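# Chain and residue survey
This is what each chain is made of:
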Protein chains: 2
Amino acid sequence: MMGSLKNTFIRYRYIAVYGLLMAVLVFVLKWLQWRFLIAEGSIEIYIGLIALFFTVLGIVVSRQFDRRKVVRTVVIEKEIPVPVQTPFIVDASALENLNLTAREYEVLQLMAKGCSNTEIAEALFLSLSTIKTHASNLFVKMDVTSRTKAIEKAKRLKITP
Amino acid sequence: MMGSLKNTFIRYRYIAVYGLLMAVLVFVLKWLQWRFLIAEGSIEIYIGLIALFFTVLGIVVSRQFDRRKVVRTVVIEKEIPVPVQTPFIVDASALENLNLTAREYEVLQLMAKGCSNTEIAEALFLSLSTIKTHASNLFVKMDVTSRTKAIEKAKRLKITP
DNA sequence: ATCCAGCTCATACTAAAGTACCGAAGTGCA
DNA sequence: TGCACTTCGGTACTTTAGTATGAGCTGGAT
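Please read these numbers as outputs of a predicted model, since none were measured by experiment.

### Considerations on helix H6 (residues 117-124) of chain A
All names here are of chain A. Among the residues of H6, those classed as buried are Asn117, Ile120, Ala121 and Leu124. Projected down its long axis, H6 shows its buried positions confined to an angular sector of 100 degrees, all on one face. Contact partners of the buried residues in H6: helix H5 (102-112), helix H7 (128-142) and helix H8 (147-156).

Right, dumping it as structure tokens:
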């Protein structure tokens, strides 16, 4: 209750001050009128003073209101480098160029995971001989001479994670 | 020359406009005074009009100036995530945990690049025996049993690209 | 039906990788 | 100086990887 009343006062205090100044001014004017303006011809000075006063008053009041209204928000877009974890995507074209068969690619993938030929054979339910054959064939197709180089090339060509 | 003169005009045009309005006003006031204010008692209305006019004038002039001067800019930074290809950074802590010697780490790095033991020996100007020793030792430290597993683990722990 | 690519497995062999153990030389430190 | 550690190199051996070749089987294309 008290807070909202206080806020209301703050919000409209410029209007209150303006009204108060107006009241003071009326007294001043009446006093000036009574004091000096019996004599004819000084009416121009009187009006000039009033004009000056109200001009200044208008400026002051305007500035008081504008001070809180003219807040221009400028949104500046700032590029912030964010390390984005690239989800692995197979380079399909690179993979097709190698002309690997499905089995050979399977073997290659398991190789890249560090499996030995024996482990690959167990994983695919094949004999060691078969794995060796596939491995040998895929080495020829990939133009490498060892599994280590095959793995390095496969990762470089983005056909294995 | 022409440009600076034009700029000067633009800079002070509000003052010029203000002066012009003042001049016009004098004519209007004189006319009003001659037209209506023969009768006594309407002087308060006359002064009231002048007060109102100059208040409005002050406000208008003030706003014109304030429009360009009192603009408080609030800068709001808007984050724009920019995908940046993560430059490889070694996980120093993971590397330290392995307690690899400098030579062993060198061998590991070359392994990860697909080099055979012979190639590593040639690259480091060492004998094949030495490379085998280093390899065997680093396998124990990395708790793996083959170079392919060592490479896979090294990449997974981010100690090689 | 025939042909062919791909998958499977096998054998035999060579090459490379990996293990184990050893010793010499250098380095840093108490 | 002696100790601990690393580096380097060696020998001997086992295991794994890789090559070469052949053969049986299958599904799909011609």
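The structure having been displayed, the exposition proceeds.
### As for the protein's contact with DNA strand D
In the vicinity of DNA strand D, 17 residues are found, and the nearest of them are Lys132, Ser136 and Arg147 of chain A together with Thr101 and Arg103 of chain B. A share of 75% is what sugar and phosphate atoms reach among the atoms of DNA strand D within 4 Å of the protein. Separating a phosphate oxygen of DNA strand D from a backbone N or O atom of serine 127 of chain B is a distance of 3.0 Å. Side-chain polar atom of histidine 134 of chain B to a phosphate oxygen of DNA strand D: 3.0 Å apart, as the coordinates give it. Of all the elements in the fold, those that place two or more residues in the surface near DNA strand D are H7 of chain A together with helix H4 (102-112) and helix H6 (128-142) of chain B. When residues of the surface near DNA strand D are assigned to their parent elements, the largest contribution, 4 residues, is made by H6 of chain B.

### Some words on the side chain of histidine 134 of chain A
Residue and element names in this part refer to chain A. The topology assignment puts histidine 134 in helix H7. A relative accessible area of 17% means that histidine 134 is categorised as buried. If we skip the residues at most four places from it in the chain, histidine 134 touches Arg103, Glu104 and Val107.

### Focus on the protein's contact with DNA strand C
In the neighbourhood of DNA strand C, 17 residues make up the surrounding shell, with Thr101, Arg103, Ser127 and Thr130 of chain A together with Arg147 of chain B lying closest. Backbone atoms, meaning sugar and phosphate, make up 70% of the atoms of DNA strand C lying within 4 Å of the protein. Take arginine 103 of chain A: an N or O atom from its side chain is 2.5 Å from a phosphate oxygen of DNA strand C. Within the side chain of histidine 134 of chain A, a nitrogen or oxygen atom sits 3.0 Å from a phosphate oxygen of DNA strand C. Secondary structure elements with two or more residues in the surface near DNA strand C: H5 and H7 of chain A together with H6 of chain B. If you tally residues by element for the surface near DNA strand C, the top one is H7 of chain A, at 4 residues. Here the residues of the surface near DNA strand C sort into 3 nonpolar, 11 polar and 3 charged.

### Side note on unusual backbone geometry
Positive phi is not limited to glycine here, since aspartate 143 of chain A has a value of about 60 degrees. Tracing the backbone shows aspartate 143 of chain A in the loop between H7 and H8.

### Digging into the environment of threonine 148 of chain A
For threonine 148 of chain A, the location among the structural elements is in helix H8. Expressed as a C-alpha distance, the spacing of threonine 148 of chain A and alanine 112 of chain A, which sit 36 residues apart in the sequence, is 8.5 Å. For threonine 148 of chain A, the contacting residues outside a window of four places in its chain are Met111, Gly114, Arg147 and Ile151 of chain B.

### A word on the pattern of salt bridges
Enumeration over the complete set of coordinates arrives at 8 salt bridges over all chains. As a salt-bridge pair, lysine 141 of chain A and glutamate 104 of chain A come within 2.9 Å of each other at their nearest N and O atoms. Taken together, the positions of lysine 141 of chain A in helix H7 and glutamate 104 of chain A in helix H5 put the pair 37 residues apart, joining distant regions of the chain. Lysine 141 of chain A gets classed as partly exposed once you look at its relative accessible area, which sits at 33%. Overall, glutamate 104 of chain A belongs to the buried group, its relative accessible area being 4%. For the salt bridge of arginine 103 of chain B with glutamate 106 of chain B, the shortest nitrogen-to-oxygen distance reads 2.9 Å. With arginine 103 of chain B and glutamate 106 of chain B both in helix H4, this residue pair falls 3 residues apart, about one helical turn. Using a relative accessible area of 33% as the deciding quantity, one classes arginine 103 of chain B as partly exposed. Relative accessible area serves as the criterion here: at 30%, glutamate 106 of chain B is assigned to the partly exposed category.

### A few points about the packing of helix H5 (residues 117-124) of chain B against H6 of chain B
Residues and elements named next belong to chain B. Two elements in contact, H5 and H6, have axes separated by 8 Å at closest approach and are oriented at 110 degrees. As summarised for this structure, H5 and H6 are arranged roughly perpendicular, according to the angle between their axes. Two packed elements cross with a definite hand, and for H5 against H6 that hand is right-handed. Every residue of H6 that contacts H5 at Asn117, Thr118, Ile120, Ala121 and Leu124 is listed here: Leu128, Ile131 and Lys132. Tallied by class, the residues present in the contact of H5 with H6 amount to 5 nonpolar, 2 polar and 1 charged.

Cut-offs used in this document
The residue count restarts for each chain, going from 1 along the sequence in the order it is written. To label them, take the chains in the order written and letter them from A, then take the ligands in the order written and number them from 1. Totals for whole chains, interfaces and linings use every residue, but because this is a predicted model, local features are given only for residues with pLDDT of at least 70 and side-chain atom pairs only at 80 or more, for both listing and counting. Processing note: side-chain calculations cover all non-hydrogen atoms of the structure and skip hydrogens and water entirely. In this scheme, a residue with accessible area under 20% of its type's maximum is buried, one over 50% is exposed, and one in between is partly exposed, where area comes from a 1.4 Å probe on protein chains only. Here a strand is any run of E in DSSP of at least two residues, a helix any run of H or I of at least four, and the numbering for each starts at the N terminus. Summarising the geometry, the arc corresponds to the directions from the helix axis toward the C-beta atoms. Note on definitions: a residue-residue contact is assigned when non-hydrogen atoms from the two residues lie within 4.5 Å. In these notes, residues near a molecule or strand are those with any non-hydrogen atom within 4 Å of it. Here a polar contact is taken to be a pair of N or O atoms separated by no more than 3.5 Å, where protein atoms must pair a possible hydrogen donor with a possible acceptor and residues adjacent in sequence count only if both atoms sit in side chains. Throughout, the ten residues Ala, Val, Leu, Ile, Met, Phe, Trp, Tyr, Cys and Pro are labelled nonpolar, Asp, Glu, Lys and Arg are labelled charged, and all others, Gly among them, are labelled polar. When a carboxyl oxygen of Asp or Glu lies within 4 Å of a side-chain nitrogen of Lys or Arg, that pair is called a salt bridge. To obtain each axis, a line is fitted to C-alpha atoms, and for helices this fit is confined to the stretch in contact; angles are then taken between N-to-C directions over 0 to 180 degrees. What sets the label is the angle itself: under 35 degrees gives roughly parallel, over 145 gives roughly antiparallel, 65 to 115 gives roughly perpendicular, and the rest give oblique. Note on convention: near helix rotated counterclockwise from far helix by under a right angle means a left-handed crossing. Clockwise means right-handed.

By themselves, these observations are geometric and do not establish any function.
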